[in-house]
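Below, each chain spelled out in residue letters.
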Amino acid sequence: MNRQPLDNLARIGKLTTEASAEDEIRGLMRSGRLRLEDAAHRDLSLESRFDLAYNAAHALARAALRFSGYRSESRYLVFQCLQHTIDLPAEQWRVLDQAHRKRNLAEYEGEMDVDEQLVAAMLRVAHDVAKRVEQFVDAQES
């Protein structure tokens with residue numbers, strides 16, 4: 001984990017520092033995992049699967065940020081910080097960035113423009129985020 005960019009974001013007020021809370025982190029991880037499972041159900045509408053995958057990724061990204069000792073009110077920043085909290089490659093958090101933009105269009109302008117490829121990519125990235133967060137948490141417990 002590269003703390004310097006996170007410390008810089010805290011210094012300018014984009015993140016707040018807060019001791020990590022194991023119960024909160026475990027709850028976010030559980031929520032993310034459950035939503036990932038539900039998002040894989042092809043009998044749901046594509047829009048519902050997108051929403052579930054997006055919220056799963058967000059919960060898992062928040063768990064990574066909280067594990068690192070920070071909190072943010074910005075959904076976008078939570079995703080962007082994944083490169084620093086769990087060393088997520090840029091091409092992966094960019095999938096979440098694209099999903100975030102599409103989510104905002106749907107949420108604020110009523111324009112839902114998602115496809116099966118995006119949902120599949122989100123699921124792959126969210127599973128990787130979950131795996132990486134679990135590895136960081138497990139390593140600390142050892």
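Notes on the structure follow.

Rules and cut-offs
Residues numbered from 1 in each chain as written. Predicted model: local features only at pLDDT ≥ 70, side-chain atom pairs only at ≥ 80, totals over all residues. Heavy atoms only, no water. Salt bridge = Lys/Arg side-chain N within 4 Å of Asp/Glu carboxyl O. Helix = DSSP H or I, 4+ residues; strand = E, 2+ residues; numbered from the N terminus. Buried < 20%, exposed > 50% of the residue type's maximum accessible area, 1.4 Å probe, protein only.

## Quick word on the pattern of salt bridges
- In total, this model carries 10 salt bridges according to the counting rule given.
- A salt bridge links Arg 71 to Glu 24; its shortest N-O distance comes to 3.1 Å. With a gap of 47 residues between them, Arg 71 in strand β2 (residues 70–71) and Glu 24 in helix α2 (residues 22–39) connect regions that are remote in the sequence.
- For Arg 71, a relative accessible area of 21% puts it in the partly exposed group.
- Judged by relative accessible area, which is 22%, Glu 24 ranks as partly exposed.
- Between Arg 132 and Asp 128 there is a salt bridge whose closest N-O contact spans 3.0 Å. Separated by four residues within a single helix, Arg 132 and Asp 128 lie in helix α7 (residues 116–141), roughly one turn from each other.
- By relative accessible area, Asp 128 is classed as buried at 15%.
- Each of Glu 18, Glu 24, Arg 66 and Arg 71 takes part in one network of salt bridges that share partners.

## Focus: unusual backbone geometry
- One non-glycine residue, Asp 87, lies in the positive phi region at around 55°.
- Among the structural elements, Asp 87 can be located in the loop between α5 (82–85) and α6 (90–109).

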